[in-house]
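# Tertiary structure, described
Below are the chains, spelled out letter by letter.
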Amino acid sequence: MTSPLWRALLLSALSSAMLALPAHAATAADAAADESAQADGKPPTEVVVNANRQAAIGYNPTNATSATRLDVPLRDVPQTVNVVPLAVLHDQGANSIQDALRNVPGVAMGAGDGQRDQVFIRGFTAIEDQYVDGLRDDALYFRDLSNVQSVELVKGPAAVLYGRGSSGGLINRVTKKPGIDLAEATLRYGSWGDVRGEVDLAHAMPEDHVAFRLTGAVEDADSYRSQGMLERKALAPSVAVDLSEKTKLLVQADWLDDKRVNDFGVPSYHGLPVNVSPSTYYGAANAAAADYVRSRVASTTETLTHEVSDTLKLREAFRYYRYSLDRNSTQVGTVNEAAQTATLTHAHVGRMEHGWTNQTEADQKFDVAGIQNELLVGVELSHQTKDAITISRGTVGTVSLFNPVLPTVTPGNAGTITANNRGLFDDAGVYAQDMLTLTDQVKALVGIRFDRFEQRTLQNLAGQANLSRVDRNYSPRAGLVWQPTGTQSYYVSWSRSFQPSGESFALAANNADIAPESTHNIEVGAKLDWFDGRLSTTASLFRLERSGIKATDPTTLTMIAVGTQRTDGLELTASLDLTEGWKAIAGYSYMDSVVTDSVAVDSGRPVEGRRGTLAPRHMGNLWLTKAIGDHFGVGAGMNYVGNRFANPGNTVILPSYATGDAMAWYEEGHVRLQVNVYNLTDERYIVSGHGTSINFNQPGAPRSVMGTVRVSF
């Protein structure tokens, strides 16, 4: 973290800590009492709900904030919202976004150039649709879960609150916050020398009106990939201060340093990924020195809330971040199927970014003609500066496709600069959302947002012109909910979002004059509760259509705005949390994703009529655990992913696969011992593809074991 950022955090924390005005903070006894109260069906206190809700309610959360920016019951939201709570992350030993999203149907994994979290939601890329506590986090890196309380997915367009992006949905990480007393240390050791330590320390001081929390993680690992390695460090301090009985300040910081081999996976041959051992690497023999990617991310967030009255709340949130990327990769350039060889190329990508986002919101409750309203109005301003440089060294070797002998590549950034620019992004958004209770059984959610999004690209290479454009867009949403009983909720919704030409990347000469793409979603669904709310099920049918997709005209080789991709789908989910010790999370999705209109040609085949890339027709997940007595527990689960196409021309298929996992735990006093076994049958499979290239397909991990010791004080 840069010294100015540390100074800003320190000053904020010290100034906040010096304010000792009347207020109350939760203690460990409060948290325990609230968990007991919730088990008896009583609502917990507000502090514990905000600070540690997911830990208290296990596998079946009832509320979420991502879809509406309000802490409301999921059954009142006319949209699919999937929540992966902390209890599931702990039981599965999840460390990454990819680990967490295995529990969500309709989400396929992307390779992400071996440098970032990359997923496809309902058949559409979500490369920029990452958020933390509702604030944009679109830097290209692998996120850590040590400071995450839950992972929430909002399915379908969400531009009404979040602005540009979110065709298939968005991912919001809800962070751990102060407000409880906790001291927890975790040590994990697993296959391929994977060693990870975590800490979570929290302390509330009611007499001083202050609460603190510190989370952190250190990880060092080799890999099932022959050249793979990982070095990771994360730290996240936070402080909450009651400035008065009705005014609260939360200051958070986050720092991450992640270094790993930049692994692009395996190429394809005769329409399939090459059939080689999962350990086979196509890159430099000295990958740790020549093929590494290092991401450094630092951020600070200040959130100020004030209760003007019982019906009016104000919120001000500000986030500043800095991000750097040092990416060095040796990867497959071309494949000669006749000779059964692959050429390897080397490149360097450097990125330096910084930016800020400010949200100002008012939440007002009022009645009009007997109709209850909760009106949320807000203004969001943001700025990002993104410097990027690409250096290409060209071909550095040719290897056998099935038995590659890797070349030694000289480390460094020598080569030809092919791109060097600065992107400037400025967004001003104004939005309003109203949740209406029309009757005891009928509710509605309506909203609209207006954005002015300006992009500028300043070129640093001679002969390349600077580019700019301004887009002005409205993003509406409307939904209706019918709840005939307290356990049934049926809904219909419609929403629209927009995706600018650059979105989060620099403008190019072939897209600067093209209007934003547009995504429409219509959805009907049901949310049903069983066994006094301990089992929650959802079902949804949707049509998601993205139009104005940018494609290259094969005759003129210019970019034109033609093309439409549509996904028709069904999703089913269930979350179970019974007092008898049974807990489960499950899901199934069917997706019919097809490009309905396009002039593009890929790998010699027209794209029109082809299936959307990385959009499996069938996906299923199940994770089930059972506590046995007071000290023991076991769990098991499975994941099924149907076949996917690696590229728009559908010339390479990634075969379907199914994997099974298991776990067991023993708990005594403050100590919990846990063992997780992944991929029980040692299945060979491809976990992710690129979405455009046919030669970047990532093999899944073979059978592995992870042991965990968690100590709470």
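Preceding this paragraph is the structure being described.
Notes on the structure follow. (Residues numbered from 1 in each chain as written. Predicted model: local features only at pLDDT ≥ 70, side-chain atom pairs only at ≥ 80, totals over all residues. Heavy atoms only, no water.)

### Describing the overall build of the protein
If you tally the helices and strands in the protein, you get seven helices and 42 strands. What you see for the protein is a C-alpha radius of gyration of 25 Å, in line with the 27 Å of a compact globule of 713 residues. Along the first, second and third principal axes, the C-alpha atoms of the protein reach 70 × 55 × 50 Å. For the protein, restricting intrachain contacts to residue pairs at least 6 apart in sequence, the fraction spanning at least 24 positions comes to 68%. Of the roughly 27600 Å² of accessible surface on the protein, 59% is carried by carbon and sulfur atoms. (Helix = DSSP H or I, 4+ residues; strand = E, 2+ residues; numbered from the N terminus. Rg over C-alpha atoms; globule rule 2.2 N^0.38 Å. Contact = heavy atoms within 4.5 Å. Areas by Shrake-Rupley, 256 points an atom, 1.4 Å probe, with all protein chains shown as cover.)

### Observations regarding the pattern of salt bridges
The full count for this structure, using the stated rule, is 45 salt bridges. One salt bridge connects D427 with R449, and the closest N-O pair in it is separated by 3.5 Å. A residue pair is termed long-range when its members are at least 10 positions apart, and D427 in strand β22 (residues 416-437) and R449 in strand β23 (residues 442-459) qualify at 22 residues. We classify D427 as buried; its relative accessible area is 8%. Linking R617 and D592 is a salt bridge whose minimum nitrogen-to-oxygen distance equals 4.0 Å. A residue pair is termed long-range when its members are at least 10 positions apart, and R617 in the loop between β33 (605-606) and β34 (618-628) and D592 in strand β31 (residues 582-597) qualify at 25 residues. On the accessibility criterion, R617 (32% relative accessible area) is partly exposed. (Salt bridge = Lys/Arg side-chain N within 4 Å of Asp/Glu carboxyl O. Buried < 20%, exposed > 50% of the residue type's maximum accessible area, 1.4 Å probe, protein only.)

### Description of the nonpolar core
The biggest cluster of nonpolar side chains holds 24 residues, and the ones touching the most others in it are L101, V107, V119, V151 and L153. Of all the secondary structure elements, the ones that give two or more residues to this core are α4 (86-92), α5 (97-101), β4 (107-109), β5 (119-121), β9 (148-155) and β38 (657-668). Once residues within four sequence positions are removed from consideration, L153 is found in contact with T80, V81, N82, L101, V104, V107, I121, L170 and I171. Counting 19 residues, the second-largest nonpolar core is a separate cluster that includes A64, A67, Y131 and A158. (Core = buried A, V, L, I, M, F, W, Y, C linked by side-chain atoms within 4.5 Å.)

### Some points on the sheet that holds strand β7 (residues 130-132)
Taken in spatial order, the five strands of this open sheet run β3-β9-β10-β7-β8, and their pairing is mixed. Among the strands making up the open sheet, the edge pair consists of β3 (81-85) and β8 (135-136). Bridging between β7 and β8 involves two bridges; their strand directions are antiparallel. Its bridge partner being in β8, Y131 is matched across the sheet by R136. (Pairing = 2+ DSSP bridges.)

### Comments concerning the pairing of strand β35 (residues 632-641)
By the alternation rule, side chains of β35 split into G633, G635, G637, N639 and V641, which are all buried, and F632, V634, A636, M638 and Y640, of which none is buried. For β34 and β35, the ladder comprises 10 bridges, and the chain directions are antiparallel. Paired with I628 across the two strands is F632, which belongs to β35. Between β34 and β35, which follow one another and run antiparallel, lie three residues, and G629 among them has a positive phi close to 70°. The sheet contact formed by β35 and β38 spans 10 bridges and is antiparallel. Bridged to G635 within β38 is M663.

### Regarding the sheet that holds β4
With antiparallel pairing, three strands are arranged side by side in an open sheet as β4-β5-β6. Bordering the open sheet on either side are β4 and β6 (124-125), each of which pairs with just one other strand. The sheet contact formed by β4 and β5 spans three bridges and is antiparallel. Looking at β5, one finds that M109 is bridged to V119.

### Observations regarding unusual backbone geometry
Despite not being glycine, D113 shows a phi value in the positive range, around 55°. For D113, the location among the structural elements is in the loop between β4 and β5. Here N650, not a glycine, exhibits a phi torsion of approximately 60°, which is positive. Residue position: N650 is located in the loop between β36 (644-645) and β37 (653-654). With a relative accessible area of 9%, N650 lands in the buried category.

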